[in-house]
There are 2 protein chains.
Amino acid sequence: MATTGFHVAVVGATGAVGQQMLLTLEKRNFPIRKLTLLSSSRSAGTVLKYKDEDIVVQEAKPNSFQDVDIALFSAGGNISKLFAPEAVKRGAIVIDNTSAYRMDPEVPLVVPEVNEEDLKLHNGIIANPNCSTIQMVVALEPIRKAYGLEKVIVSTYQAVSGAGAAAIDELKNQTRAIIEGETIEPKILPVKGDKNHYQIAFNAVPQIDKFEENGYTFEEMKMINETKKIMHMPQLKVAATCVRLPVETGHSESVYFEINREGIDVENIRTLLGDADGIILQDNPNEQLYPMPAYAVGKKDVFVGRIRKDLDEENGFHMWVVSDNLLKGAAWNSVQIAESLVKLGLVK
Amino acid sequence: MATTGFHVAVVGATGAVGQQMLLTLEKRNFPIRKLTLLSSSRSAGTVLKYKDEDIVVQEAKPNSFQDVDIALFSAGGNISKLFAPEAVKRGAIVIDNTSAYRMDPEVPLVVPEVNEEDLKLHNGIIANPNCSTIQMVVALEPIRKAYGLEKVIVSTYQAVSGAGAAAIDELKNQTRAIIEGETIEPKILPVKGDKNHYQIAFNAVPQIDKFEENGYTFEEMKMINETKKIMHMPQLKVAATCVRLPVETGHSESVYFEINREGIDVENIRTLLGDADGIILQDNPNEQLYPMPAYAVGKKDVFVGRIRKDLDEENGFHMWVVSDNLLKGAAWNSVQIAESLVKLGLVK
């Protein structure tokens, strides 16, 4: 730990995303003078490592945030609702990775490559968008900026780690059981605590999060609403179908989009995305080069390939977008927001 | 074997689809007086069962088709190009499950629920469409008929069995190896004989079949071109992105479509599809009822659910379509064509 820098708290430190947050803070060498790790009472007492230092995880309480500069939350929406205001009251800036505050008009919803400037409007809480939204807007923003954007239709191919560590275990155990010819008893996926649970191994499940009244899932509505908010485009047409796959980590997306300009070809889009921050272009059909989740794990970038012009719509294109949902989709985007706050002088 | 009925030949009897053809002929009790099983010289000599009878598979030769009434081909495009004309010359009707003749204007491309009448125009060869196309047009046809169809954008979630028995083995062995922490060496998928091979276990691979010059894969172009041909709609706008998943059998599709009529709601579409031939509606978000490939295996129907109205386009809808790619996508559609030929008096 450095002698200068910030007092950082991580809430939900023992979870799948929390672990990645610690690793990311370490890798980025974020300026930390004190690190407080918090969790529910159930996980309190766990010892975690940060740069060879052992840190005991403590139960989160209002006073845990005394003297904290930046608090990274990733312990579920209820914990955020309970403790984020307490942290803010004590002078911390909260970067919240749950859906609790994302659509709150007072709360900036930020992907630094897209709307870093929105951080200046914060009132203590900054929301980290949904994982599947983040990677899509990173890929869409350079296109919007250059050519305008009219319409987006996305179908997702999402990994189980988005549903937490228990879902990863379920995928692994279920896969092993099916291969060994044993019977399985799904208990977690598609949605922990929902009425029915289905096989995820060797299957594709078209439900992520619960259903809303309009027949869309919350995950689908998150992609629709968050995209409009982050890109400052309430009028943008966005549709989403979200599907869970037997992939441990790494979300993929088949994205159709229509731009506002005629005469643009695939090479224009490739050049644009190849030069963009946070994007690695992997797009060469002749070499069978395209992004895949199994090869994106552990990397913080958004990978884009399979860029094609629609065969009917002059302004329509297709692309395939892949990213590590625990990194750019969660931990890395949160730490990146913290770095932006420091860079913009927004954290004291 | 019955004493009346037809002399049926199955070419490629030992393959993944061939096996399902035998099972389907048996289950449907198709009127067969003689069954000839054919294959390459490599598989000749294999003994297969049909209704408790042992049948020795013979090497396919031009004269194998002497006296055959109906020949079901599923042994790759080259075998079809070589032997289908020989079979026709000897008086057989060929039902070809490869892509060899699908886009030939002289050859009907048939999904009985959609264009059974096209069988009447045959010149000896009838083509069975690509698996991913079949299940989509079964779901779209009742909608086209009632409301007209303007545009389709599909993203697929395809099983490895579409790439044959070796791909199934690769998925199983690779999954086992990864779970046991062993290194893997992909050799078959995404495309047998292509330059690069990628991990399929716990991954999503956005390539099915080789790439065309326009950046689309052959699989994607098959879906686009075959849909227009089967539905008799050269003007239909169709776009496809085809993705291979770690699923053994059962293709899924996220389908966006625009109809030609205003004022239609989700209940109209549900009623339409619930009453349609070959479709089982599984669509109740409140009960988490929707189709999934793991639960569609071994069933001959097309399952449809997650029907939603687009939130921006008055005439736009989304749906999720699942079917067993070896059955409705291949063996069952071929046998169903044979049944239609008998019903329409087209086979002597």
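Just so it is clear, the model here is predicted, and its values are computed rather than measured. (Residues numbered from 1 in each chain as written. Chains lettered and ligands numbered in written order. Predicted model: local features only at pLDDT ≥ 70, side-chain atom pairs only at ≥ 80, totals over all residues. Heavy atoms only, no water.)

A.B. asks: Honestly, the interface of chain A and chain B in this entry has me stumped. Any pointers?
C.D. replies: Interfaces are often described in size by the accessible area the parts lose on coming together. Residue-level contacts link 64 residues of chain A with 64 residues of chain B. Regarding the contact of chain A and chain B, the summed buried area is about 5,400 Å², with carbon and sulfur atoms giving 55% of it. Looking only at chain A, the three residues that lose the most surface to chain B are A:Phe202, A:Gln288 and A:Arg306, adding up to 12% of its buried area. Across the chain A-chain B interface, the total number found is 12 salt bridges. Among the ionic pairs, B:Lys151 bridges to A:Glu313, the shortest N-O distance being 2.6 Å. Scanning the region where chain A abuts chain B turns up 46 residue pairs in polar contact (both at pLDDT 80 or more). If you list the elements that add at least two residues to the side of chain A that touches chain B, you get β9 (149-157), α5 (165-179), α6 (218-230), β10 (237-241), β11 (251-259), β13 (302-309) and β14 (316-323) of chain A. Residues belonging to the side of chain A that touches chain B are distributed by class as follows: 32 nonpolar, 16 polar and 16 charged. (Contact = heavy atoms within 4.5 Å. Buried area = accessible area lost by both parts, 1.4 Å probe. Salt bridge = Lys/Arg side-chain N within 4 Å of Asp/Glu carboxyl O. Polar contact = N/O pair within 3.5 Å; in protein donor to acceptor, adjacent residues only side chain to side chain. Helix = DSSP H or I, 4+ residues; strand = E, 2+ residues; numbered from the N terminus. Nonpolar A, V, L, I, M, F, W, Y, C, P; charged D, E, K, R; others polar.)

A.B. asks: Can you walk me through the pattern of salt bridges in this structure?
C.D. replies: Side chains bearing opposite charge may pair, as long as their charged atoms lie close to each other. Inspection of the entire model under this criterion finds 46 salt bridges over all chains. A salt bridge links B:Arg33 to B:Asp67; the nearest nitrogen and oxygen atoms lie 3.9 Å apart. You can see B:Arg33 sitting in strand β2 (residues 32-39) and its partner B:Asp67 sitting in the loop between β5 (58-59) and β6 (70-73), a full 34 residues away along the chain. Of the residues examined, B:Asp67 reaches a relative accessible area of 41% and is grouped as partly exposed. A salt bridge links B:Glu117 to B:Lys120, with the nearest nitrogen and oxygen atoms 2.7 Å apart. Members of the salt-bridge network, linked through shared partners, are A:Lys151, A:Lys237, B:Glu258 and B:Glu313. (Buried < 20%, exposed > 50% of the residue type's maximum accessible area, 1.4 Å probe, protein only.)

A.B. asks: Please explain the pairing of strand β11 (residues 251-259) of chain B as it appears in this structure.
C.D. replies: Across a regular strand the side chains alternate sides, sitting on one face of the sheet and then on the other. Residue and element names in this part refer to chain B. Within β11, nine of the nine residues are buried, leaving the element largely enclosed by the surrounding structure. Residues His 251, Glu 253, Val 255, Phe 257 and Ile 259 of β11 are buried on one face, and the alternating residues Ser 252, Ser 254, Tyr 256 and Glu 258, pointing to the opposite face, are buried as well. Judged from the eight bridges that link them, β11 and strand β14 (residues 316-323) form a sheet pairing that is antiparallel. Residue Ser 252 lies in a different strand from β14, and its bridge partner there is Val 322. (Pairing = 2+ DSSP bridges.)

A.B. asks: Can you help me understand the pairing of β14(A) in this one?
C.D. replies: All names here are of chain A. With eight of eight residues buried, β14 is to be regarded as a mostly interior element. Where burial is concerned, the two faces of β14 agree: the one with Gly 316, His 318, Trp 320 and Val 322 and the one with Phe 317, Met 319, Val 321 and Ser 323 are both buried. Here β13 runs beside β14; their pairing, made up of six bridges, is antiparallel. Across the sheet, Lys 309 pairs through a bridge with Phe 317, a residue of β14.

A.B. asks: What is the right way to read the side chain of B:Arg244 from this model?
C.D. replies: Among the secondary structure elements, B:Arg244 is positioned in the loop between β10 (237-241) and β11. Of the buried charged residues, B:Arg244 lacks a salt bridge, with B:Glu219 as the closest side chain of opposite charge at 6.1 Å. (Lys, Arg positive; Asp, Glu negative; His and termini not counted.)

A.B. asks: Where do I start with the packing of α5(A) against helix α5 (residues 165-179) of chain B in this structure?
C.D. replies: The description of two packed helices rests on the angle between their axes and on the distance between the axes. In the contact formed by α5(A) and α5(B), the axes pass within 11 Å of each other and the chain directions differ by 130°. Comparing the axis directions of α5(A) and α5(B) gives the class oblique. Considering the relative orientation of α5(A) and α5(B), their crossing is left-handed. Contacts between α5(A) and α5(B) involve A:Lys172, A:Thr175, A:Arg176 and A:Ile179 on the former and, on the latter, B:Lys172, B:Thr175, B:Arg176 and B:Ile179. Residue composition of the contact of α5(A) with α5(B), grouped by class: two nonpolar, two polar and four charged. (Axes fitted to C-alpha atoms, helices over the stretch in contact; angles between N-to-C directions. Parallel < 35°, antiparallel > 145°, perpendicular 65-115°, else oblique. Left-handed = near helix turned anticlockwise from the far one by under 90°.)

A.B. asks: Honestly, the sheet that holds strand β8 (residues 125-127) of chain B in this entry has me stumped. Any pointers?
C.D. replies: Whenever strands of a sheet pair, they do so through backbone hydrogen bonds, lying parallel or antiparallel. Residue and element names in this part refer to chain B. Reading across from one edge, β5-β2-β1-β6-β7-β8 is the order of the six strands in this open sheet, with parallel pairing throughout. On the outer flanks of this sheet lie β5 and β8, each paired with one strand and no other. Across six bridges, strand β1 (residues 6-11) lies against β2 in parallel orientation. From the neighbouring strand, Val 10 faces β2, where its bridge partner is Leu 37. Helix α2 (residues 77-89) rests against β1, β6, β7 (93-96) and β8 of the sheet, and its axis sits at about 175° to β6. On top of the sheet, helix α8 (residues 327-343) reaches β1, β6, β7 and β8; it is set at about 150° to β7, its chief contact.

A.B. asks: For this particular structure, what's the right way to read the domain arrangement of chain A?
C.D. replies: Residue and element names in this part refer to chain A. Split by domain assignment, chain A resolves into domain 1 (6-129 + 330-343) and domain 2 (133-325). One C-alpha centre belongs to domain 1, the other to domain 2; they are set 25 Å apart. Opposite the 20 residues of domain 1 that make contact, domain 2 presents 17 residues. Considering only the surface of domain 1 that becomes buried against domain 2, Met 103, Glu 113 and Val 114 emerge as the three largest contributors, covering 33% of it. Across the contact surface, domain 1 and domain 2 share one salt bridge. The salt bridge involving Arg 102 is made with Glu 226; its shortest N-O contact spans 3.3 Å. At the boundary of domain 1 and domain 2, one finds six residue pairs in polar contact (both at pLDDT 80 or more). Elements with a minimum of two residues in the side of domain 1 that touches domain 2: α1 (16-27), α3 (112-115) and α8 (327-343). (Domains from an automatic or database assignment.)

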